[in-house]
Amino acid sequence: MDSSPEDCDWLLYPVEWFMFGTVVCSWTKIYFQRSELYILSAVLRAVMTLFLCSVSQGLTVQVEDMRIRATYSQRKRIPITEGFLEVKDGGKWRQICNEEWTEMNSRVICGMYGFPGKNYWGFSVNCTGNEANLADCKLGREIELKGNSTCGQGMPVVVSCVPGRAFAPSVSTGFRKAYRQPLVRLRGGAMIGEGRVEVLKNGEWGTVCDDNWNIRAATVVCRELGFGSAKEALTGARLGQGIGLVHMNEVECSGFEKSLTECYFNRDALGCSHEEDAAVRCNVPAMGFHTRLRLSGGRNPYEGRVEVLAEKNGTLAWGTVCSDNWGTMEAMVVCRQLGLGFASHAFQETWYWGGESSADTVVMSGVRCSGTELTLDQCLHHGKHIQCAKGGGRFSAGVSCTQTAPDLVLNAQVVEQTTYLEDRPMYALQCAQEENCLSSSADKADPTSYRRLLRFSSQIHNNGQSDFRPRAAHHSWIWHECHRHYHSMEVFTHYDLLSLNGTKVAEGHKASFCLEDSNCDEGIQKRYECANFGAQGITVGCWDTYRHDIDCQWIDITDIKPGDYIFQVVINPNYEVAESDYTNNVMKCRSRYDGQRIWMYNCRIGETFISHAASLFYHVPEVFHWIQI
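A brief structural summary. (Residues numbered from 1 in each chain as written. Predicted model: local features only at pLDDT ≥ 70, side-chain atom pairs only at ≥ 80, totals over all residues. Heavy atoms only, no water.)

Digging into the overall build of the protein
Line of reasoning, step 1. For the protein, the helix and strand inventory stands at 5 helices and 36 strands.
Line of reasoning, step 2. A buried classification covers 54% of the 629 residues belonging to the protein. (Helix = DSSP H or I, 4+ residues; strand = E, 2+ residues; numbered from the N terminus. Buried < 20%, exposed > 50% of the residue type's maximum accessible area, 1.4 Å probe, protein only.)

Following this line, the structure appears as structure tokens:
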């Protein structure tokens, strides 16, 4: 059909997630029907340019912007889940006619705005329902305009969406996940709703190979986790490499599955490595989190003194956060809330960042975060009862943020294969005792006595997206005369032996006197080496090996009795250095000690260490590693 812009009239035609009108002509300039309604509303806006293409009509449509304009009852709610769908063209907002509007169109719209489900309300672009974006839908038939461009037999399109539980006013009103026990999770993402995809199989978390990974499968993951549709389906371990098994390969989804595990996939992952781990970025609701928090006085938008918007004398005012016990976990929540990624550093003094004097008053204290909260006010804190010994001011909390972070992971197999026992005299352990590498009973031990040491090697990999560097600058490293080296991190790892109920029965720790690239993956150059000069760290794709025969690479088990135990190693236990994922910093093994020999088996990382493995204590496998004195 040939026509000019002057002859071209447009009516919005609905498309899966976004709502458009029916096209009357194929000119690139588009016009939409507009209804003059007066609505008191809050506006949820997503500025974007959408290109819609219809195979049947060969039409290309460009829209400047789109929004859900809240209905009267929704005007003060966050997030806005119900409203009139509007698009912007030529600088003007226009509503969409609901003729032939379908439930599938509403499903697409809700997903684009970060909602996993929808409540259908409306009538009339042709979406199948499994699209991740309105641009994937086809334009439908023409709608004849009546009179002064009114919507004939229809009304403006109104959509009503259901938020995920994390974004709902109450848990009971949120979107119900497909399974009570989550079968899918995201790890390593800097923002809410993004990360490496991991699935649970036989009690063990594993990754998904990126062969055939697409936006449709990514959308299934996003909806399953309570987000909207997927913005991106990422391949090539873009959000970091996982560990353990690759559970799924060549995933194919229709888009309507409740869980990724319901999609077709190839169980054979031969040829897939963690360099091919799949990841997603999901649409999330506009919650306005960033409007309640800000960074002030920094040299760039990624750093500054933390200021929160709080009620003061009946009005909202900006104030600071007390820095007592302020640390990496709290800083992580701040950076995520502001959409700035991961925390790089947490500061307890911010005198060098001159914020506004009107915001000097401390309005939040006693903040304790687990690191998973969406906002700082979701963390534990004192509420209105402010208690700040430092008094704020120059001691207000501050952060610096970054888009990438390291991710340390211990090689469990190396620990399991290198474990052995050694009886060592106290006179040969003087330096180790000075560095607190022995059990507390060693302080009163006879100098001629022996300590029984559980020795092992540890190989620590950096699977993240940036180098792991000590938080302390070189000038503040501590010199240890006994071993003749610097400690860049006073506590780098904790080594513990636990009873079956989790009680610590033996302990040890390793100070980080030498962070270096012992070896690297093919194609990656070493950047750090063990020396008392220069920089220390672990490069992405490299690993640092602590051999079993160096001081403090042990647990002192002199005082424990024969029995079954849990052997535990925790890397970066005090969260001194920010990482993209702390859940994989813990390794646990099953251990059996008979007084002369020790067995170490079933070593697992983080949450892959499953409780039902306790039954293995009564059926010790023949392939475990053991050593006799």
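Notes on the packing of aromatic side chains
Line of reasoning, step 1. Within the structure shown, the criterion is met by 10 aromatic pairs.
Line of reasoning, step 2. Ring plane angle 80 degrees and centroid distance 6.4 Å describe the contact between phenylalanine 347 and tyrosine 352, whose orientation is recorded as edge-to-face.
Line of reasoning, step 3. A residue is classified by how much of its surface remains accessible, and tyrosine 352, at 37% relative accessible area, is partly exposed.
Line of reasoning, step 4. Between tryptophan 351 and tyrosine 352, the aromatic rings sit 5.2 Å apart at their centres with planes inclined by 75 degrees, giving edge-to-face as the arrangement.
Line of reasoning, step 5. Relative accessible area serves as the criterion here: at 54%, tryptophan 351 is assigned to the exposed category.
Line of reasoning, step 6. Three or more aromatic residues link up through ring pairs in this structure, and these residues are Phe347, Trp351, Tyr352 and Trp353. (Phe/Tyr/Trp six-rings, centres within 6.5 Å; stacked < 30°, edge-to-face > 60°.)

Notes on the pattern of salt bridges
Line of reasoning, step 1. Summed over all chains, the structure comprises 23 salt bridges.
Line of reasoning, step 2. A salt bridge links aspartate 377 to arginine 292; the nearest nitrogen and oxygen atoms lie 3.6 Å apart. Of this pair, aspartate 377 sits in the loop between strand E20 (362-364) and strand E21 (398-402) while arginine 292 sits in the loop between strand E15 (279-282) and strand E16 (293-297), and the two are 85 residues apart along the sequence.
Line of reasoning, step 3. Note that aspartate 467 is salt-bridged to arginine 527, the shortest N-O span being 2.6 Å. Pair noted here: aspartate 467 is in the loop between strand E25 (458-462) and strand E26 (478-480) and arginine 527 is in the loop between strand E30 (519-520) and strand E31 (542-546), with a separation of 60 residues, a long-range link.
Line of reasoning, step 4. Three or more residues are tied together by salt bridges with common partners; here these are Arg294, Arg305, Glu307 and Asp360. (Salt bridge = Lys/Arg side-chain N within 4 Å of Asp/Glu carboxyl O.)

Notes on the sheet that holds strand E23 (residues 420-425)
Line of reasoning, step 1. Taken in spatial order, the 3 strands line up as E23-E24-E32 in an open sheet, and their pairing is antiparallel. Edge strands, defined here as strands with exactly one partner in the open sheet, are E23 and strand E32 (554-556). The mean inter-strand angle of the sheet, taken between neighbouring strand axes irrespective of direction, is 35 degrees.
Line of reasoning, step 2. Relative to strand E24 (residues 450-455), E23 runs antiparallel, the two sharing 6 bridges. Paired with leucine 421 across the bridge in E24 is leucine 454. (Pairing = 2+ DSSP bridges. Axes fitted to C-alpha atoms, helices over the stretch in contact; angles between N-to-C directions.)

Re helix H2 (residues 215-224)
Line of reasoning, step 1. With respect to burial, H2 is a largely interior element, 8 of its 10 residues being buried.
Line of reasoning, step 2. Of the residues making up H2, those classed as buried are Ala217, Ala218, Thr219, Val220, Val221, Cys222, Arg223 and Glu224.
Line of reasoning, step 3. Between a side-chain oxygen at the N-terminus of H2 and the backbone nitrogen of arginine 216 the separation is 3.2 Å; the capping residue is asparagine 214. (Polar contact = N/O pair within 3.5 Å; in protein donor to acceptor, adjacent residues only side chain to side chain.)

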